[in-house]
Amino acid sequence: MIRILLADDHALVRRGVRLILDSEPDLTVVAEAGDGAEAVEIARTTPIDLAVLDVAMPRMTGLQAAVELSRRREPPRILMLSMYDHEQYFFAALKAGASGYVLKSVADRDLVDACRAAGRGESFLYPGVMSTLVRDYLDRVRRGERLPGQVLTPREDEVVKLIAEGHSSKEIAVALTISIKTVERHRANILQKLGMRDRTELTRYAIRAGLIEP
C-alpha cells in the first residue's frame, strides 16, 4: 500500500484527486494539505511514501515544498500535479526532486500510473514531454553543442533504448533473453557511467545519442 500526502489549495481538486487514488486497492491518501508549508509540516509527523503536490500554491509552492521534502533523511517520492504543460515547470519539478509530473487535465488517466511508477522507484513522463525533450535536443544541435559519444557497450545501448521507450525491467529481460537481475545491473551501471539518476535523464541521453528517433 502506497501512503500518499495530497497537497492542493483547491478543496474541490483535492476531493476529485482523492476519489481517483482511494479507489485503487494499492493506493491510499493518508493526509491532505492546502499549501506547501502545511504539506511539509504534515510530512514531519505523518508516515508517507509519496507526496503529490500542486505546482502553484500559496505560502509555499509545490516546487518549494518538493525541495524541502527532498532534504529529509528519508525523503518520500514526489509527484508534481500541474495545469501547466510547459517545459519550464517540468524541468523545475525534476530539479526540485520530483520523480514525475502529471497534468491535471489528464489526471484521471495518468495519476494512478504515475503513483505506481513512483512506488517502484521509477520516473513518470507525461505523454507530451517527449516533444519537450526533442525541442531540447534540437536546440542543442542548433547551438553546435557536442552530442554524447560512445560511452556505453552495445548491450547497454540496447537496455537504454528499451528503458527510454518505456519498457519495464521484466519486459526488457524478455526482449533481450536475460534475467531481471541482469537488467537491473545494467541499469545501475548505465546510470553510474552517465552520472544520471532516472529514466527521464536516460531518455534525453537516448535521443541525443540517436538510440531512439526524436
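Residues numbered from 1 in each chain as written. Predicted model: local features only at pLDDT ≥ 70, side-chain atom pairs only at ≥ 80, totals over all residues. Heavy atoms only, no water.

## Brief notes about the environment of Tyr 89
Part 1 of the argument: Structurally, Tyr 89 can be placed in helix α4 (residues 87-96).
Part 2 of the argument: For Tyr 89, a relative accessible area of 26% translates into the label partly exposed.
Part 3 of the argument: Remark: the alpha-carbon pair of Tyr 89 and Tyr 101, spanning 12 residues in sequence, is separated by 8.9 Å.
Part 4 of the argument: In contact with Tyr 89, other than residues within four places in its own chain, are Val 55, Tyr 84 and Tyr 101. (Helix = DSSP H or I, 4+ residues; strand = E, 2+ residues; numbered from the N terminus. Buried < 20%, exposed > 50% of the residue type's maximum accessible area, 1.4 Å probe, protein only. Contact = heavy atoms within 4.5 Å.)

## Digging into the nonpolar core
Part 1 of the argument: Within the largest apolar cluster, 48 residues are counted, with the highest numbers of intra-cluster contacts made by Ile 4, Val 52, Leu 53, Met 80, Leu 111 and Cys 115.
Part 2 of the argument: Examining the composition of this core, we find that 6 residues originate from one element, helix α5 (residues 107-119), more than from any other.
Part 3 of the argument: Not counting residues within four places of it along the chain, the set of residues in contact with Cys 115 comprises Ile 2, Ile 4, Leu 21, Leu 27, Leu 50, Val 52 and Leu 79.
Part 4 of the argument: Counting 19 residues, the second-largest nonpolar core is a separate cluster that includes Ile 172, Leu 176, Val 183 and Leu 191. (Core = buried A, V, L, I, M, F, W, Y, C linked by side-chain atoms within 4.5 Å.)

## Considering helix α1 (residues 11-22)
Part 1 of the argument: Across its 12 residues, α1 extends 16 Å between first and last C-alpha, which sits within 8% of the 16 Å expected from 1.5 Å per residue.
Part 2 of the argument: Turning to α1, its buried residues number three or more, namely Arg 14, Val 17 and Leu 21. Projection of α1 onto a plane perpendicular to its axis shows the buried side chains occupying an angular sector of 75 degrees, all on one side. Looking at α1, the residues exposed on the side facing more than 90 degrees away from the buried face are Leu 12, Arg 15 and Leu 19.
Part 3 of the argument: Tucked into the core, α1 has its buried residues touching β1 (2-7), β2 (27-33), β4 (77-82) and α5. (Expected span 1.5 Å × (residues − 1). Arc of directions from axis to C-beta.)

## With respect to the packing of helix α2 (residues 36-45) against helix α3 (residues 62-70)
Part 1 of the argument: Relative to each other, α2 and α3 sit at 20 degrees, their axes nearing to 8 Å. It follows from the interaxial angle that α2 and α3 lie roughly parallel. Crossing of α2 over α3 shows right-handed handedness. Residues Gly 36, Val 40 and Ala 43 of α2 touch α3, and the partners they reach there are Ala 65, Glu 68 and Leu 69. (Axes fitted to C-alpha atoms, helices over the stretch in contact; angles between N-to-C directions. Parallel < 35°, antiparallel > 145°, perpendicular 65-115°, else oblique. Left-handed = near helix turned anticlockwise from the far one by under 90°.)

## Quick look at unusual backbone geometry
Negative phi is the rule for most residues except glycine; trans is the rule for most peptide bonds.
Part 1 of the argument: The phi dihedral of Arg 59 is positive, around 65 degrees, even though this residue is not glycine.
Part 2 of the argument: Here Arg 59 is to be found in the loop between β3 (50-54) and α3.
Part 3 of the argument: Arg 59 gets classed as exposed once you look at its relative accessible area, which sits at 68%.
Part 4 of the argument: A positive phi is found at Thr 177, a non-glycine position, where the angle reads about 55 degrees.
Part 5 of the argument: In this structure, Thr 177 sits in the loop between α8 (169-176) and α9 (180-194).

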